[in-house]
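The lines below spell out each chain.
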Amino acid sequence: MAASCDSLVPLVLLFFCLSAYAVDRSNFKTCDQSAFCKRQRELKPSQSPYRALLDTLELSKSRLTLQLINDNNKVRLLLELYRLQGNMTRVKINELKPLKPRYEVPDILITDPLTEPMSVVTQDENGLVLSLGGDEQRLIVSALPFRLDIMEGPQVLVSLNSRGLLAFEHLRARKDTISHKISSTVGSMWDSLKSIFSSKSESDSEQDAVQKNVEQRAEEKDGQIKEEEDKPGMWEETFKSHSDSKPNGPTSISLDFSLPRVEHVYGIPEHADTLKLKNTDGSDPYRLYNLDVFQYELHNLMALYGSVPVLISHSTERTMGIFWLNAAETWVDISSNTAGMGSSEAPQTDVRWISESGIIDVFIMLGPKPTDVFTQYASLTGTQSFPPLSTLAYHQCRWNYNDQEDVKAVDQGFDEHDIPYDFIWLDIEHTDGKRYFTWDPIMFPQPKDMLQGLMDKKRKLVAIVDPHIKVDSGYKIHNEISSKNFYVKNKDGGDYEGWCWPGNSGYPDFTNPEMRVWWSSMFAYDQYEGSMDNQYIWNDMNEPSVFNGPEVTMHKDALHGVWEHRDVHNLYGLYVQKATADGLIQRSGGVERPFVLTRAFFAGSQRYGAVWTGDNAAEWGHLKISIPMCLSLSLVGISFCGADVGGFFKHPSTELLVRWYQAGAYQPFFRAHAHLDNPRREPWLFGPENTALIREAVRQRYALLPYWYQLFYNAYRTGQPVMRPLWVEYPEDVATFSIENEYLLGKDLLVHPVTDEGATGVTAYLPGKGEVWYDVHTFQKHDGSQSLYIPVTMSSIPVFQRGGSIICRKDRVRRSSSCMENDPYTLYVALSPQDFAEGELYIDDFHTFSFEKEKQFIHRHLSFSANTLSSRNLAPDSHFSTGSWIEKIVIIGGSRPSSITLKNTDGIESAVEFEFDSATAILTLRKPGVNAGADWTIVLQ
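Thresholds, definitions, all that
- Residues numbered from 1 in each chain as written.
- Predicted model: local features only at pLDDT ≥ 70, side-chain atom pairs only at ≥ 80, totals over all residues.
- Heavy atoms only, no water.
- Pairing = 2+ DSSP bridges.
- Helix = DSSP H or I, 4+ residues; strand = E, 2+ residues; numbered from the N terminus.
- Axes fitted to C-alpha atoms, helices over the stretch in contact; angles between N-to-C directions.
- Parallel < 35°, antiparallel > 145°, perpendicular 65-115°, else oblique.
- Left-handed = near helix turned anticlockwise from the far one by under 90°.
- Contact = heavy atoms within 4.5 Å.
- Core = buried A, V, L, I, M, F, W, Y, C linked by side-chain atoms within 4.5 Å.
- Buried < 20%, exposed > 50% of the residue type's maximum accessible area, 1.4 Å probe, protein only.
- Salt bridge = Lys/Arg side-chain N within 4 Å of Asp/Glu carboxyl O.
- Disulfide = S-S within 2.5 Å.
- Expected span 1.5 Å × (residues − 1).
- Nonpolar A, V, L, I, M, F, W, Y, C, P; charged D, E, K, R; others polar.
- Phe/Tyr/Trp six-rings, centres within 6.5 Å; stacked < 30°, edge-to-face > 60°.
- Lys NZ or Arg CZ within 6 Å of the ring centre and 35° of its normal.
- Polar contact = N/O pair within 3.5 Å; in protein donor to acceptor, adjacent residues only side chain to side chain.

**Remarks on the sheet that holds strand β25 (residues 469–470)**
- The strand order across the open sheet built from 3 strands is β25-β27-β26, with neighbouring strands paired in antiparallel fashion. Looking along the sheet, the strands with just one partner apiece sit at the ends: β25 and β26 (497–500).
- Of the pairings in the sheet, the one linking β26 to strand β27 (residues 503–506) comprises 4 bridges and is antiparallel in character. Considered in β27, the bridge of Cys 500 is made with Gly 503.

Set out below in structure tokens:
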């Protein structure tokens, strides 16, 4: 839920504000209105003032250090270079001697990255060349102007500061607080600079050399060597009615990266925009600053709820990634010398990162394949958490289900209309006056009875717990946070307070580890009264949202211990989700896997649960944009993503709602959600025909749950995304590079949802020259490397299985996923032109950590080759048994055999019943009768 009223208002007025149903862009800054962004962007590409002092070089086994000096102001920086295991390079730049420490982002890296030794290949007065190991990789450090180039053989892979946009605003004392003021009218520019920075001493020879360089620059361009004059917004800044005191003054940083031979870059979510990132020349840069944006606009580069500062570049030659580890407000400029120009010049994309505070800490992931980049990033920030199976099923939500009877009636409605679902959700109205961890005593007087009723049907509930706390002396949670001094502080040292759903609210300091431990303890069953183990949690409004704050969020000069909010802003939501997930794990004694949905996120949020795309609208454009938004998240590690089915705001047409269910059934997080003011839209309220269409879409999701579960297990193990753009699997096929209306689930299912009103057909691109794809509904075979026109009706969900794959399904769909746990499997074997196929089957208890702690799981490799289908154990040291068996095998694209023989683990052979449809080339094997966890072989003769 979102709100964007910009003044302290009673909630009744807030609802009038909400009724506007449109983002008020004036509530959110442009680059010109963000003083540091404007200052940095005024710096145009030119010769950099930074020079590498080569005689300060120090090289150890783990790193290289080198000082840089800004010849304009004499401030020295410390450059650190690391060669990391897995084909990555880390670059850190900080002030050599800052007046006070600058913020370095903690808790995001899962461990200190392992380093590998570097060696100096050559060095002279102009620079040095370092070896980065195999494949002829070199890192070249140029001294004047300072520049870094990473090369492989004769080719430059990436250049840093090649455009001279490195800028590091050093910490300084405010001029009117310096006791000895320096006259701007007395003495030379060099004497002024020397007196200001006398504490940063140099040898006489260095001073002479630098002075000569400065004087030369001054002759070339008057004014270059002057200490910059204070500009508006450096020491204080006002936006609308809000003042930012900026006690530390200007602290922003910037660095440019050039990517030769690259035209396509992706990532840096969250934006409601295209998958391929746009050229920002002549427009605002992409903004990364977690904000509560009320009904966001489409195709806009303004910030949204979450930020992941990771950019992926891709070309036919190579895939690489840039991870900018900074949690402050960040802007990203992108330009290309060939974009849209039809130039014959070799393409190049330039990317500039600008952050308000902190240090430069960047990881360059050198690929070279897409899968390598995913592995490299996962080695830094971790993989997607492995969710309980039930969370991959269907979720039913609205703001708000009225009371316990309403919950019961909705639950019964799903049974009466034979539509499966696993979770029903409760929004903020279920609480006692927006006091989280409580229940409304009138509407939800017996929450355990409600939860038990759901549990009896093997269903579950999600309740919202937001991170704004009602300031109320009668509220236990507030009193404990206050007594423990766990609230964020305002600039004057008092508890920071703002306006949110409860009214006047405090904001717990989730950057404080002690606060997070306490928060986690509140999910214990004896603390969160009425909760049970089938209740999970939703963290909303955790950007954090402050209705009467600047840009609907917290003041930047609020304090988290010694750090300003400006330093940590984009981390806040991650910490909320982490503390909540830890609480759910702890309440079960470390046994149960948690489920926590978050709206705000950062790099590493994938470790703690799921995200959704926020407060979208019931419009066709929002349905379309959900695909590139989730694909962008998937590329930067967050696989568990979805969009509110039907749209949160407004009321969808019946056609839009049906199409959204069909699309949502094939996105990782599948939840319907709606605004408080919208008419009810449970799936059976739109007539029998549409109920049947929605039922079928949901049932398709449930049948595919084994495949979804296997994909998430592999994402957890390897970091490979669940939902992925076509170019990830077809990296040399240029036709896939800009496709964003279809995608792959794993590598074996291609989905092209219908997202146009009144559509009678769609055109899907089927990649892979020499490959084949099968329509999963009709089993019709199509050649790869073609655009295929597909006629559609309202029942159509275009989905294709790749020839050469085996996908496991459960075709007996029941009322919830938990009811299906021991049901049998059907294997769909789609043959390649070479009559080959392979796949996987993963099984565990579907909800605990036993798969990890006790190795209680089954992981099978399934393969079809030379007319033999077999199941082989991929985890011989694991131990788990299942009651599920293989009840049917469907071989697509095959031929009629004369007989089929099954050989089980005991070596016993038996005949298998089968039938062959010559019209569709479908061979169906019925009741082979083998356990899903056993070794077996089936031979077609």
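Once you've had a look at it, read on.
**Some points on the pairing of strand β49 (residues 900–903)**
- For β49 and strand β53 (residues 936–940), the ladder comprises 4 bridges, and the chain directions are antiparallel. Directly across from Leu 902, in β53, lies its bridge partner Ile 938.
- Taken together, the 3 bridges between β49 and strand β50 (residues 909–911) define a ladder with antiparallel strand orientation. By the bridge assignment, Leu 902 is partnered in β50 with Ser 910.
- Hairpin connection between β49 and β50: a loop of 5 residues separates the two successive antiparallel strands, and Gly 907 in this loop has a positive phi of roughly 80°.

**Focus on the packing of helix α9 (residues 513–521) against helix α11 (residues 572–587)**
- Taken N-terminus to C-terminus, the directions of α9 and α11 make an angle of 45°; their axes are 7 Å apart at the nearest point. In terms of axis orientation, α9 runs oblique to α11. Regarding α9 and α11, the two cross each other, and that crossing is right-handed. Counting all contacts with α9, which are made through Arg 516, Trp 519, Ser 520 and Ser 521, the residues of α11 involved are Tyr 575, Val 576, Lys 578, Ala 579, Thr 580, Asp 582, Gly 583 and Gln 586.

**Digging into the nonpolar core**
- Residues Phe 323, Trp 519, Tyr 661, Leu 745, Ile 889 and Trp 936 are the most contacted members of the largest nonpolar core, which totals 211 residues.
- Take this core: its biggest share by element is 9 residues, from helix α12 (residues 620–635).
- When residues no more than four places from it in sequence are discounted, the contact partners of Ile 889 are Leu 827, Val 829, Leu 869, Leu 923, Thr 924, Leu 925, Pro 928, Trp 936 and Ile 938.
- Membership of the second largest hydrophobic core comes to 50 residues, among which are Leu 66, Met 118, Phe 257 and Leu 277.

**What to know about the pattern of salt bridges**
- In this structure the tally under the stated criterion is 54 salt bridges.
- A salt bridge links Glu 237 to Lys 246; the nearest nitrogen and oxygen atoms lie 2.6 Å apart.
- Residue class for Glu 237 comes out buried when judged on its relative accessible area of 10%.
- Two residues, Lys 578 and Asp 582, come together in a salt bridge whose shortest N-O distance is 3.2 Å. With Lys 578 and Asp 582 both in helix α11 and 4 residues apart, this pair spans about one turn of that helix.
- Here the salt bridges share partners, and the residues they tie into one network are Asp 244, Arg 287, Glu 329, Glu 356, Glu 551, Lys 556, Glu 564 and Arg 566.

**Description of the state of the cysteines**
- Taken as a whole, this structure holds 2 disulfides when the rule is applied.
- Here Cys 31 engages in a disulfide with Cys 37; their sulfurs sit 2.0 Å apart. The S-S bond linking Cys 31 to Cys 37 shows a torsion near -100°; that makes this disulfide left-handed. We note that Cys 31, like Cys 37, is buried.
- With a sulfur-sulfur separation of 2.3 Å, Cys 630 is cross-linked through a disulfide to Cys 641. Given an S-S torsion of about -75°, the disulfide between Cys 630 and Cys 641 has left-handed geometry. In this pair, Cys 630 sits in helix α12 while Cys 641 sits in strand β33 (residues 641–642), placing the two residues 11 residues apart along the sequence. Considered together, Cys 630 and Cys 641 belong to a single accessibility category, that of buried residues.
- Cys 397 forms no disulfide, and the closest cysteine sulfur to it belongs to Cys 641, at a distance of 16 Å.

**A short note on helix α14 (residues 688–703)**
- The end-to-end C-alpha distance of α14, which contains 16 residues, comes to 22 Å, matching closely the 22 Å that a straight helix rising 1.5 Å per residue would cover.
- Of all the positions in α14, only Asn 690, Thr 691, Leu 693, Ile 694, Ala 697, Val 698, Gln 700, Arg 701, Tyr 702 and Ala 703 are classed as buried.
- Of the surrounding secondary structure, the elements contacted by the buried residues of α14 are β22 (394–396), α13 (654–664), β34 (670–672), α15 (705–718) and β43 (805–809).

**What to know about the packing of α13 against α14**
- Remark: α13 packs on α14, axes separated minimally by 8 Å, with the N-to-C direction vectors making an angle of 10°. Of the possible angle classes, the one that applies to α13 and α14 is roughly parallel. Where α13 approaches α14, its residues Thr 654, Leu 657, Val 658, Tyr 661, Gln 662 and Gly 664 are matched on the opposing element by Asn 690, Leu 693, Ile 694, Ala 697, Val 698 and Arg 701.
- Each residue belonging to the contact of α13 with α14 can be placed in one class, and the counts come to 7 nonpolar, 4 polar and 1 charged.

**Remarks on the pairing of strand β51 (residues 913–917)**
- Two strands pair when backbone bridges link them, and β51 and strand β52 (residues 922–931) are joined in this way by 5 bridges, in the antiparallel orientation. In the sheet register, Phe 914 faces β52, and the bridge partner there is Leu 925.

**Quick notes on the packing of aromatic side chains**
- This structure, assessed with the given rule, holds 51 aromatic pairs.
- Judged by centre distance (6.3 Å) and plane angle (65°), the ring pair of Phe 523 and Tyr 528 falls under edge-to-face.
- On the basis of relative accessible area, Phe 523 is assigned to the buried category, the value being 0%.
- Given the relative accessible area of 1%, Tyr 528 is considered buried.
- Three or more aromatic residues joined by ring pairs form one cluster here, namely Phe 423, Trp 425, Tyr 536, Trp 538, Phe 595, Trp 612, Phe 640, Phe 669 and Phe 712.
- Above the ring of Tyr 82, the side-chain terminus of Arg 90 is found at 5.9 Å from the ring centroid.

**Some details on the side chain of Gln 384**
- Position of Gln 384 among the secondary structure elements: in the loop between α5 (370–381) and β22.
- Take Gln 384: its relative accessible area is 2%, and that puts it in the buried class.
- Within the structure, the side chain of Gln 384 is placed 3.0 Å from the backbone oxygen of Gly 609, a separation counted as a polar contact.
- Of note is the side chain of Gln 384, whose polar atom sits 3.2 Å from the backbone nitrogen of Phe 640.
- Each residue touching Gln 384, except ones within four places of it in the same chain, is listed here: Gln 606, Gly 609, Gly 637, Ile 638, Ser 639, Phe 640, Phe 712, Ala 715 and Tyr 716.

**Topic: unusual backbone geometry**
- In this chain, Leu 144 is followed by Pro 145 through a cis amide linkage whose omega measures -5°.
- Along the chain, Pro 145 falls in the loop between β8 (137–142) and β9 (147–152).
- Residue Pro 544 is bonded to the preceding Glu 543 through a cis peptide linkage, with omega at 5°.
- Position of Pro 544 relative to the elements: it lies in the loop between β28 (535–539) and β29 (559–560).
- If you check the backbone angles, Lys 458 has positive phi at about 60° while not being a glycine.

**Observations concerning helix α2 (residues 35–42)**
- Among the residues making up α2, those that are buried are Ala 35, Phe 36, Cys 37, Arg 39 and Gln 40.
- Looking at the buried positions of α2, the neighbouring elements they touch are β11 (167–168), β12 (237–239), β14 (253–260), β19 (330–336) and β20 (348–355).

**Brief notes about the sheet that holds strand β47 (residues 868–873)**
- Read across the sheet, 11 strands follow the order β50-β49-β53-β47-β46-β45-β43-β44-β48-β52-β51 without closing on themselves; strand pairing throughout is mixed. What marks the edges here is a single partner per strand, and that holds for β50 and β51. On average, adjacent strands in this sheet sit at an angle of 20° to one another, irrespective of strand direction.
- In the sheet, strand β48 (residues 885–892) pairs with β52 via 7 bridges, with the strands oriented antiparallel. Following the sheet pairing, Ile 892 is matched in β52 by Ile 922.
- Its contacts with the sheet place α15 against β43, β44 (825–830), β45 (837–843) and β46 (858–865), and it is angled at close to 85° to β45.

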